[in-house]
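# Observations on the model geometry
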Amino acid sequence: ITQFLYDNPQGLTLNRAATALSRDSKALVAEIMDKGFAGNENRTGRFGASARGTCQRAQIFVFLGMPNPHIQDVEVSNLFNDGKYRHLRWQVMGIQSGALTDVEVGVSLPALRMRSSIDGVNDDEGFLFELKGDRYPARMMEKAGGVDEKHALQIHSMFLMTGFEVASYVVEDKASQNWREVIVEKDKTIMRKVTDELQELNDAVTDRKLPTPLPACMKREGPYKSCPFASPCIKRWKQGNDSFPLVDGNWDS
């Protein structure tokens, strides 16, 4: 990537006259946007990799297709779009530099109701690519091993679905565009956390019963304040009404 940017400061290839994008760039940008901007939005009926380590009860609500009012917030939409364009930029560089062999790679593991999309892979060298943007990357990457715990769980979910055992984890500073890469190798302890969580989620689906709310949420504290499902979630828990699916998708049923 570094050498590619020396040779192509625009971050992609231009035509010979440098008056327009190359045909390869035009086709690649369109292909990635088709996949990344439109192909991974519906999370109903599946457990994705990025949700690992989050509230299992909320994960089940997403699995069931419960409406998320936060999606209608234009500032949230703009935040998500910032991430999509960051991924587009890196994925184009990854393919054109030869660092990656494919991007927006769809993967699944039906036995655990898993389906997700990987930012990129290098099949020739055998590694995954995961990109993150952050306002405070130094603080985030002070974690053990230089990888945020939630992101480590996400990457290991991808290992589980693909059989890969190595990942290139890149974090870019949203303010300066400086970046840092950490090589992540498969860890048995983290993999156990991932498989345990997925088994619990699948048991909940099989038993048709919601997991217990987080202790903080029971007190309307912590993650409760930012969860899109907070109020109806705790209302149902207090009513002892934790079976699903909900009747006609009605929270009050």
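Look up a bit, the structure's there.
Residues numbered from 1 in each chain as written. Predicted model: local features only at pLDDT ≥ 70, side-chain atom pairs only at ≥ 80, totals over all residues. Heavy atoms only, no water.

With that settled, the discussion passes to the packing of aromatic side chains. Enumeration according to the criterion identifies five aromatic pairs in this entry. Taking 5.1 Å as the distance between ring centres and 75° as the angle between the ring planes, the aromatic pair formed by Phe37 and Tyr85 counts as edge-to-face. A residue pair is termed long-range when its members are at least 10 positions apart, and Phe37 in helix H2 (residues 23–38) and Tyr85 in helix H4 (residues 74–97) qualify at 48 residues. Measuring from ring centre to ring centre gives 5.2 Å for Trp90 and Trp179, while their planes differ by 85°; the resulting arrangement is edge-to-face. In this pair, Trp90 sits in helix H4 while Trp179 sits in strand E5 (residues 179–185), placing the two residues 89 residues apart along the sequence. Members of the aromatic cluster, joined through ring pairs, are Trp90, Phe129 and Trp179. (Phe/Tyr/Trp six-rings, centres within 6.5 Å; stacked < 30°, edge-to-face > 60°. Helix = DSSP H or I, 4+ residues; strand = E, 2+ residues; numbered from the N terminus.)

Moving on: the nonpolar core. Grouped together as the largest cluster of nonpolar side chains are 42 residues, with contacts concentrated most on Phe47, Ile60, Ile118, Leu128, Phe159, Tyr169 and Leu198. The residues touching Phe159, leaving out its near neighbours within four places in the chain, are Leu128, Phe164, Glu165, Val166, Ala167, Val184, Glu185, Lys186 and Met191. (Core = buried A, V, L, I, M, F, W, Y, C linked by side-chain atoms within 4.5 Å. Buried < 20%, exposed > 50% of the residue type's maximum accessible area, 1.4 Å probe, protein only. Contact = heavy atoms within 4.5 Å.)

Time to look at the environment of Met93. Its place among the elements puts Met93 in helix H4. You can call Met93 buried: its relative accessible area is 3%. The spatial distance from the C-alpha of Met93 to the C-alpha of Val74 is 29 Å, given a sequence separation of 19 residues.

So, about the pairing of strand E1 (residues 102–109). Here E1 pairs with strand E2 (residues 114–122) via seven bridges, running antiparallel. From the neighbouring strand, Ser108 faces E2, where its bridge partner is Arg115. Linking two consecutive strands that pair antiparallel, namely E1 and E2, is a turn of four residues; a positive phi of about 55° is found at Arg113 within it. (Pairing = 2+ DSSP bridges.)

With that settled, consider the sheet that holds strand E3 (residues 127–134). Read across the open sheet, the five strands follow the order E1-E2-E3-E4-E5; overall the sheet is mixed. The sheet is open, and its two borders are formed by E1 and E5, each paired with just one other strand. This sheet shows a mean twist of 40° between the axes of neighbouring strands, independent of strand direction. Bridging between E3 and strand E4 (residues 166–173) involves seven bridges; their strand directions are parallel. What sits directly across from Asp134, in E4, is Asp173. Most of the contacts of H4 go to E3, to which it runs at about 145°, and overall it touches E1, E2, E3, E4 and E5. (Axes fitted to C-alpha atoms, helices over the stretch in contact; angles between N-to-C directions.)

The buried fraction of E3 amounts to seven of the eight residues, a majority that puts the element mostly inside the structure. Examined bridge by bridge, E2 and E3 share three bridges and lie antiparallel to one another. Paired with Val121 across the bridge in E3 is Leu128. Where E2 folds back onto E3 in an antiparallel hairpin, the turn is made up of four residues, including Gly126, whose phi is positive at roughly 75°.

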